[in-house]
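Overview (structure and organization)
Here's the letter readout for the chains.
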Amino acid sequence: MAVPESARAFVADLISRVRQSQNRWRIVFPEGNDERVVAAAGRLVRENVAQPLLVGKAPSNAPEGVQFFDPASSPLTRNYVSLYRERRRAKGITEFEAQEAVRKPEFFAALMVAAGDADGTVGGAVLSSREVLKAALQCIGPAKGTRLVSSVFVMAMPDPGAGHKGLMAFADGSVVIDPSAPELAEIAIATAESTRTLIGAEPVVALLSFSTKGSGRHKQVDKVSEALRIVKARVPELNIDGELQADAALVPEVAKLKALGSTVAGRANTLIFPDLNSANIGYKLVERLAGASAMGPFLQGLAKPANDLSRGCSSDDVFHTAVVTCLQCQQALSQRP
Ligand SMILES: CC(C)(COP(=O)(O)OP(=O)(O)OC[C@H]1O[C@@H](n2cnc3c(N)ncnc32)[C@H](O)[C@@H]1OP(=O)(O)O)[C@@H](O)C(=O)NCCC(=O)NCCS
């Protein structure tokens, strides 16, 4: 299927925003011996986008400007064993268990970020999502002010009139399986921030359901309206509404019939699904039936950026995910007190 123009424009915009900044972020890749990762690292250096750090044994033909870190021989390993034990103190981790964990490349990479030796990490070209997520959760953990890590897909639609210049944010399609109302509220708040950071648009957030404004009655509907109440209390200035069916969220004519007066219905650019089932199925349907490009999942709510690749990724995908990670580093910097 052809890549929508909105996807090309999105990637070009991300690269130009990262290159405009003064910072060259240090991005660590746990799969340093994968050839897609090595190719992407070489491109990050050549195009002066970021400083790539690779976990693994340095090959004889390492690209110029790319640094390798081997957990088996790195002088950093000893510090990371202590850091990991400290982070997992409540779990009573032994020295041996910590050594075993730090030897895993995804833990070594996440600990580099936690220790401040790298700014962000990108893994999952070979490792499973579960392995990458667990390392990020255990070593980096949630950001101050949140307890939940979730994810967002940027959907680039063939119709440039959809969302913001053809771009929309969908969440959470890959991490939180069955969010409670407060968790759904956290996902909505984090995704609104991702819409600002990644898409560069003011978020218009729809909390999706099979019901619009009380048309259906069920505890699953109550969960969504409770999430709306929580978000409104915490972030009153956010343009959010719910519960809304997908057609009411997206189509102005339907919005007039089902949710008259809503400032979100008919013009949403950020869709919050009620659980992982609906979000994961929903984004894949839009991708496969509507010809959208799904970019992500990008993790949100972490204290420092970490992102997961799909195992079928290309070296371009690795490069683009690193660029997104740089933007998240920039965003984190701008929010530091
Ligand atoms: C994300 C996931 C791997 C976490 O699994 P887990 O077994 O809870 O992971 P861990 O036990 O290593 O988690 C470490 C800590 O992070 C916490 N944690 C788990 N998920 C979290 C989240 N979303 N946000 C914040 N903290 C979280 C755990 O409670 C645990 O805390 P503790 O150390 O105080 O006990 C799991 O929720 C999952 O499999 N999600 C679905 C992923 C999936 O299949 N996606 C499909 C589409 S790609």
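Preceding this paragraph is the structure being described.
Predicted, not measured: the structure shown is a model, and the values here were computed from it. All residue numbers refer to position in the chain's written sequence, counted from 1. Note on the predicted model: pLDDT of at least 70 is required for a residue's local features to be given, and 80 or more for side-chain atom pairs to be given and counted; whole-chain, interface and lining totals, by contrast, use all residues. As a rule here, side-chain values come from all non-hydrogen atoms in the structure, and water together with hydrogens is ignored.

Quick notes on the overall build of the protein chain
The test is simple: Helix numbers and strand numbers start at the N terminus; a helix is a DSSP run of H or I with at least 4 residues, a strand a run of E with at least 2. In this description the radius of gyration comes from C-alpha coordinates, and the expected globular size is given by 2.2 Å times residues to the power 0.38. Only protein chains enter the calculation, and the probe is 1.4 Å; a residue is then buried if its accessible area is under 20% of its type maximum, exposed if over 50%, and partly exposed in between. Should any heavy atoms of two residues lie within 4.5 Å, those residues are counted as being in contact. Surface exposure here means Shrake-Rupley accessible area, sampled with a 1.4 Å probe, where a residue is shielded only by the protein chains that are shown.
The number of helices and strands found in the protein chain is 12 helices and 11 strands. Relative to its length of 337 residues, the protein chain is compact, with a C-alpha radius of gyration of 20 Å against a globular reference of 20 Å. Counting only C-alpha atoms, the protein chain reaches 65 × 45 × 35 Å along its principal axes. Looking at the protein chain residue by residue over its 337 residues, the buried ones come to 55%. Within the protein chain, residue pairs in contact and separated by at least 24 positions form 72% of the contacts whose partners lie at least 6 positions apart. Within the structure as shown, the protein chain displays about 15,700 Å² of accessible surface, and the carbon and sulfur contribution to it stands at 52%.

Focus on the site of the ligand
Our working rule: In this text, near means that some heavy atom of the residue lies within 4 Å of the molecule or strand in question. Think of a polar contact as two N or O atoms within 3.5 Å of one another; within protein, one of them needs to be a possible hydrogen donor and the other a possible acceptor, and neighboring residues in sequence only count if both atoms come from side chains.
In the vicinity of the ligand lie 15 residues, with Arg88, Lys91, Gln138, Val149 and Val175 positioned nearest. Lys134 places a side-chain nitrogen or oxygen 3.2 Å from an oxygen atom of the ligand. Val175 is positioned such that a nitrogen or oxygen atom in its backbone is 2.9 Å from a nitrogen atom of the ligand. Taking 930 Å² as the accessible area of the ligand by itself, protein coverage stands at 62%.

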